There are 2 protein chains.
Amino acid sequence: MSARHTPVRLADVQDEDCPTREVLDRVGDKWSVLVIVLLGERTHRFSELHRAIDGISQRMLTLTVRALERDGLVSRTVHASVPPRVDYRLTDLGRSLLAPLEALNAWAVEHRGDIQAARDEHDRRSG
Amino acid sequence: MSARHTPVRLADVQDEDCPTREVLDRVGDKWSVLVIVLLGERTHRFSELHRAIDGISQRMLTLTVRALERDGLVSRTVHASVPPRVDYRLTDLGRSLLAPLEALNAWAVEHRGDIQAARDEHDRRSG
DNA sequence: CCGTATCCCAGCTGATACTG
DNA sequence: CAGTATCAGCTGGGATACGG
């Protein structure tokens, strides 16, 4: 992965179908990453996701998993039982997204102090 | 970078000060990544960014660079000249973010076809 | 249990006009 | 040139109620 260097090109980001824009539109929302990370650990049923993600509404969880399913990142399995049971898990495609997300996470962990310091300093000067 | 593995932990994502959430809140908006990538190539003045980023309003460009500056990712240099000139460039912190963004970009480039295919297939079934 | 349907509001964003 | 100020529209997302 580190052998070839794939720089972000100017032409890419200006284009409206810029790949980075696409992925950010997909996971840059409020809940998608949380769902992906949870499903990266193991399969979850709907109610498990609902309980695990603090503050999400049933509506938004539905919309989020539906969008992820539409994009082929998550698969949905309905078990014909009483009471009904629906399992969600990552597809191979979804699992492949975990690596770049972890890279972002690693950056955040490493630099969150720097950001906080810069912000504190900025706010101190600006009042 | 690939030596140590930094998995995204469940405890992280549920916490409201989850590092990944933080960074997504920062660059997950409509314009921040575009500005960062452009400044990753070279210093830009305000009007250059404005022209380079198709569709951004003056107001949103101002808000975006201000937020990035506040977080220490971008530095702003005012030249006392007539007409006035303001240069924006990445800080070291901002430059360090380019790598994970490129990882995300690489993923997007590699898998955009898969996503499109999944979406087409899904829409075909759903009508 | 797993959703869908409806209503509604906050805030993000663009458009426009104005200023140092 | 590089912003700031103000207004208005749209959309994301929560609350609630209902259905399979």
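Keep in mind that this is a model prediction, so the values were computed, not measured. (Residues numbered from 1 in each chain as written. Chains lettered and ligands numbered in written order. Predicted model: local features only at pLDDT ≥ 70, side-chain atom pairs only at ≥ 80, totals over all residues. Heavy atoms only, no water.)

Trainee: Hey, could you run me through the interface of chain A and chain B in this one?
Mentor: It is common to give the size of an interface as the accessible area lost on bringing the parts into contact. Taken together, the contact between chain A and chain B spans 53 residues of the former and 54 residues of the latter. Buried area between chain A and chain B, both sides added, is near 5,200 Å², and the carbon and sulfur share of it is 63%. The interface formed by chain A and chain B holds 6 salt bridges in total. With its nearest N and O atoms 2.8 Å apart, the salt bridge here joins Arg70 of chain B to Asp123 of chain A. Taken together, chain A and chain B are joined by 15 residue pairs in polar contact (both at pLDDT 80 or more). At 17 residues, the largest contribution of residues to the side of chain A that touches chain B is made by helix α7 (residues 98-126) of chain A. (Contact = heavy atoms within 4.5 Å. Buried area = accessible area lost by both parts, 1.4 Å probe. Salt bridge = Lys/Arg side-chain N within 4 Å of Asp/Glu carboxyl O. Polar contact = N/O pair within 3.5 Å; in protein donor to acceptor, adjacent residues only side chain to side chain. Helix = DSSP H or I, 4+ residues; strand = E, 2+ residues; numbered from the N terminus.)

Trainee: Mind showing me how you'd approach the protein's contact with DNA strand D here?
Mentor: As a structural note, the neighbourhood of DNA strand D is formed by 20 residues, with Arg59 and Met60 of chain A together with Gln58, Arg76 and Tyr88 of chain B the closest of them. The protein-proximal atoms of DNA strand D, defined as those within 4 Å of the protein, are 58% sugar or phosphate. Here a phosphate oxygen of DNA strand D and a side-chain polar atom of Ser57 of chain A are 3.0 Å apart. Here a phosphate oxygen of DNA strand D and a side-chain polar atom of Tyr88 of chain B are 2.6 Å apart. Residue assignment for the surface near DNA strand D shows that the elements contributing at least two residues are α5 (58-70) of chain A together with α4 (46-52), α5 (58-70) and β3 (85-90) of chain B. Residues belonging to the surface near DNA strand D are distributed by class as follows: 8 nonpolar, 5 polar and 7 charged. (Near = heavy atom within 4 Å. Nonpolar A, V, L, I, M, F, W, Y, C, P; charged D, E, K, R; others polar.)

Trainee: In this structure, what is going on with the relation of the copies chain A and chain B? I would like to understand it.
Mentor: Mapping between the two chain copies consists of a rotation about an axis together with a translation along that axis. Mapping chain A onto chain B is achieved by rotating through 180° and translating by 0.0 Å along the same axis, at an RMSD of 0.0 Å. Put plainly, the chains are arranged around a two-fold axis. Identified as the residue of chain A closest to the rotation axis by C-alpha distance is Gly28 of chain A, at 2.3 Å. When the interface residues of chain A are mapped onto chain B, 100% of them are again interface residues, pointing to one common binding face. (Least-squares fit on C-alpha atoms with pLDDT ≥ 70 in both.)

Trainee: Mind showing me how you'd approach the protein's contact with DNA strand C here?
Mentor: Near DNA strand C you find 19 residues, and of these Gln58, Thr62 and Arg76 of chain A together with Arg59 and Met60 of chain B are the closest. Backbone atoms, meaning sugar and phosphate, form 58% of the atoms of DNA strand C found within 4 Å of the protein. Gln58 of chain A is positioned such that a nitrogen or oxygen atom in its side chain is 2.6 Å from a base nitrogen of DNA strand C. Here a phosphate oxygen of DNA strand C and a side-chain polar atom of Arg76 of chain A are 2.4 Å apart. Contributions of two or more residues to the surface near DNA strand C are made by α4 (46-52), α5 and β3 (85-90) of chain A together with α5 of chain B.

Trainee: Whenever I open this one, the side chain of Arg26 of chain B confuses me. Can you help?
Mentor: You can see Arg26 of chain B is positioned in helix α2 (residues 19-27). Looking at Arg26 of chain B, its side chain comes within polar contact range of the side chain of Asp71 of chain B, at 2.8 Å.

Trainee: Just checking my understanding: could you explain the UniProt feature "domain: HTH hxlR-type" (unreviewed entry) in chain A for this structure?
Mentor: Residues annotated by UniProt as "domain: HTH hxlR-type" (unreviewed entry) correspond here to residues 18-116 of chain A. Span residues 18-116 of chain A is 64% helix and 14% strand, its end C-alpha atoms 30 Å apart. (UniProt positions renumbered as here; feature names shortened; annotations may be inferred.)

Trainee: Help me understand the pairing of β3 of chain B in this model?
Mentor: Strand residues, when the strand is regular, have side chains that alternate between the two faces of the sheet. Residues and elements named next belong to chain B. Pairing geometry for strand β1 (residues 44-45) and β3, over 2 bridges, is antiparallel. When the bridges of β3 are listed, His44 appears paired with Tyr88. Pairing of strand β2 (residues 74-79) with β3 involves 6 bridges; the strand directions are antiparallel. Bridge pairing links Val78 to Val86 in β3. Hairpin remark: β2 followed by β3, antiparallel, with 5 residues in the connecting loop. (Pairing = 2+ DSSP bridges.)

Trainee: Explain the sheet that holds strand β1 (residues 44-45) of chain A here, please?
Mentor: Pairing between the strands of a sheet comes from backbone hydrogen bonds, and it takes one of two forms, parallel or antiparallel. Residues and elements named next belong to chain A. Pairing in this open sheet of 3 strands is antiparallel, and the strands run β1-β3-β2 from one edge to the other. On the outer flanks of this sheet lie β1 and β2 (74-79), each paired with one strand and no other. Each of β2 and β3 is contacted by α5, which is oriented at about 115° to β2, the strand it contacts most. (Axes fitted to C-alpha atoms, helices over the stretch in contact; angles between N-to-C directions.)

Trainee: Is there a simple way to think about the environment of Asp71 of chain A in this case?
Mentor: Residues and elements named next belong to chain A. In this structure, Asp71 sits in the loop between α5 and β2. Judged by its relative accessible area of 4%, Asp71 is buried. In sequence terms Asp71 and Glu110 are 39 residues apart; their C-alpha atoms lie 31 Å from each other. (Buried < 20%, exposed > 50% of the residue type's maximum accessible area, 1.4 Å probe, protein only.)

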